[in-house]
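Observations on chain architecture
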Amino acid sequence: MKNLIVSALIAASASAFGQTPTAFPSDAPIPKAAEIHDFVKDKTFTSTRSDGVTGKFNYRSDGKFDVIYTSFKEFGAWKADDGNICVDDPINGKACNQVRITGNELLYRRNKNGEILTLKPS
């Protein structure tokens, strides 16, 4: 618990100084595929990137997903693998993003820049 608090404080400090957290908390275990699937299915999450843009992440139990930001929308099929959410988007192709589960939030590493997003249930 102490490590989780320290990790959260480091991430908050980095954020306050304009730095983007790029590492998961050291005590956040790699979740199994079934745990990820059960955690995200039929839920909508909201997250704000380091540039201040907020988006919604929807993962449906039928295997479809969409990510909606003001400037773009991503959609297609999703599946959980150990430690990852993998998507197949007809425009952007296939990709897997590393994830961790902490409490009721999903930590999601963006492939573009390594930024760790905190996805909160909406």
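The rules we used
Residues numbered from 1 in each chain as written. Predicted model: local features only at pLDDT ≥ 70, side-chain atom pairs only at ≥ 80, totals over all residues. Heavy atoms only, no water. Helix = DSSP H or I, 4+ residues; strand = E, 2+ residues; numbered from the N terminus. Contact = heavy atoms within 4.5 Å. Polar contact = N/O pair within 3.5 Å; in protein donor to acceptor, adjacent residues only side chain to side chain. pLDDT = per-residue confidence, 0-100. Pairing = 2+ DSSP bridges. Salt bridge = Lys/Arg side-chain N within 4 Å of Asp/Glu carboxyl O. Buried < 20%, exposed > 50% of the residue type's maximum accessible area, 1.4 Å probe, protein only. Disulfide = S-S within 2.5 Å.

For the rest of this paragraph, the subject is the side chain of R110. Relative to the helices and strands, R110 is located in the loop between β7 (105-109) and β8 (116-121). Ignoring sequence-local partners within four residues, the contact set of R110 consists of R49, N97, E115 and L117.

A word on the side chain of E115. Among the secondary structure elements, E115 is positioned in the loop between β7 and β8. Of the polar contacts made by the side chain of E115, one reaches the backbone nitrogen of S50; its length is 2.6 Å. Those residues within four positions of E115 in sequence are excluded, and the remaining contacts are T20, P21, T22, R49, S50, Y108, R109 and R110.

Okay, the confidence of the model for the protein next. Taken residue by residue, the protein gives an average pLDDT of 88. The fraction at 70 or more is 84%. Note that residues 1-17 has pLDDT below 50 and, in this model, 9 contacts with residues that lie over four places away or in other chains.

A word on the pairing of strand β6 (residues 93-102). Strand residues, when the strand is regular, have side chains that alternate between the two faces of the sheet. Sheet topology note: the strand β5 (residues 84-89)/β6 ladder contains 6 bridges and is antiparallel. The residue bridging D89 from the neighbouring strand is G93, located in β6. A loop of 3 residues connects β5 with β6, the two strands running antiparallel in sequence. Two successive antiparallel strands, β6 and β7, enclose a turn made up of 2 residues, where G103 displays a positive phi of approximately 60 degrees.

Let us now look at the pattern of salt bridges. Taken as a whole and judged by the stated rule, the model has 6 salt bridges. Measuring nitrogen to oxygen at the nearest pair gives 3.8 Å for the salt bridge that ties R60 to D62. Judged by its relative accessible area of 33%, R60 falls in the partly exposed class.

By definition, a disulfide links two cysteine residues through a covalent bond between their sulfur atoms. Taken as a whole, this structure holds 1 disulfide when the rule is applied. The partner cysteine of C86 in its disulfide is C96, sulfur to sulfur 2.0 Å. Between C86 and C96, the S-S torsion sits near 110 degrees, and that sign places the bridge as right-handed. Separated by 10 residues along the polypeptide, C86 in strand β5 and C96 in strand β6 bring together distant segments of the chain. Note on C96: relative accessible area 38%, which makes it partly exposed.

This paragraph deals with the pairing of strand β2 (residues 54-59). Relative to β2, strand β1 (residues 43-48) is paired through 6 bridges, and the arrangement is antiparallel. Its bridge partner being in β2, T46 is matched across the sheet by K56. The antiparallel hairpin formed by β1 and β2 contains 5 residues in its connecting segment, where G52 sits at a positive phi of about 90 degrees. Across 4 bridges, β2 lies against strand β3 (residues 64-68) in antiparallel orientation. Bridge pairing in β3 links F57 to V67. As consecutive antiparallel partners, β2 and β3 are separated by 4 residues, and within that stretch G63 has a phi angle of approximately 90 degrees, a positive value.

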